[in-house]
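# Tertiary structure, described
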Amino acid sequence: MGGRVASGHENLVVGSGPGRLGCCLTTLDSLPEDGIVPGLHPDYPLRTERLDLRPHRMDDLDDLYAFHSRPEVVRYTPWPVRDREQTRVALETKLSQGELTEPGQWLVLAIELRETGTVIGEVLLKWASEADRQGEIGFALHTDYQGKGLAAEAAREVLRVGFEDLGLHRIVAILDDRNQASAQLLERLGMRREAHHIHALKFKGEWANEYVYALLEEDWRAATSS
Ligand SMILES: CC(C)(COP(=O)(O)OP(=O)(O)OC[C@H]1O[C@@H](n2cnc3c(N)ncnc32)[C@H](O)[C@@H]1OP(=O)(O)O)[C@@H](O)C(=O)NCCC(=O)NCCS
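Residues numbered from 1 in each chain as written. Predicted model: local features only at pLDDT ≥ 70, side-chain atom pairs only at ≥ 80, totals over all residues.

The name an unreviewed UniProt entry assigns to the chain is N-acetyltransferase, from the organism Kribbella pittospori.

## Remarks on the overall build of the chain
Looking only at helices and strands, one finds six helices and eight strands in the chain. For the chain, the residues scored as buried account for 40% of the 226 residues in total. Restricting to contacts in the chain with at least 6 residues of sequence separation, those with at least 24 account for 65%. (Helix = DSSP H or I, 4+ residues; strand = E, 2+ residues; numbered from the N terminus. Buried ≥ 20, exposed ≤ 12 C-beta atoms within 10 Å, placed from the backbone. Contact = placed C-beta atoms within 7 Å.)

## Considering the site of the ligand
In the region of the ligand, 22 residues are neighbours, and Q146, G149, A151, A152 and A181 sit closest. Elements with a minimum of two residues in the shell around the ligand: strand 5 (134–141), helix 4 (150–165) and helix 5 (180–188). The biggest single contributor to the shell around the ligand is helix 5, with five residues. Residue composition of the shell around the ligand, by class: twelve nonpolar, eight polar and two charged. (Near = placed C-beta within 6 Å. Nonpolar A, V, L, I, M, F, W, Y, C, P; charged D, E, K, R; others polar.)

Next up, the structure:
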């Protein structure tokens, strides 16, 4: 999940942004003196044509377990096949990952199919650096819902949030070079393959090669203004 092969994002918490927070809900007495709320505090759900993106809730457990337990889904994700209890523990962490308050944190959102209310996957955005305005994206979808353009729909919305609400300059995705479905999705999103690192890490017991894909804010603007 998370575009990253072994980022350990599930243990991370998220950060603040440059203050372009049209999406954010806040109260006046919680504002700092300069009036800029640090970080990203989206007004949920984030709606796309077929999906609602929102923070996880404890009652997502059954839906989450349905894909976290599938070998074909976790083949290139940082986590192993999970049983129900391991999924519950992972879900506990996700509950507090619905906003970014400082760099280094991951935003982790449930992808809910609006038509049925089912959580069919998750999409992530890391606020990697405030000074350099860098981010990272990731995603995972239940096998039954792949091949319908739904992952791309969710990822596009998270790119939008990253560039337009958090004010990022560059968003990367890091993946195992054998993960063809993920590479194809990133190319559909208009991301550029920047690097191919050989034996960059030991992943699930074997040496893995990593692709790094990236998109710049000017690429995003050009693609969305045309
Ligand atoms: C990576 C992953 C999210 C890609 O999911 P996906 O469903 O293939 O991606 P998209 O949402 O872009 O869907 C594209 C497919 O839907 C098809 N499609 C059908 N209807 C569509 C529509 N309305 N709009 C767009 N595409 C549509 C496309 O033709 C394409 O099919 P193809 O792959 O046969 O060419 C998925 O494989 C996954 O979850 N893998 C496991 C977890 C993982 O590895 N995550 C990444 C770690 S780095």
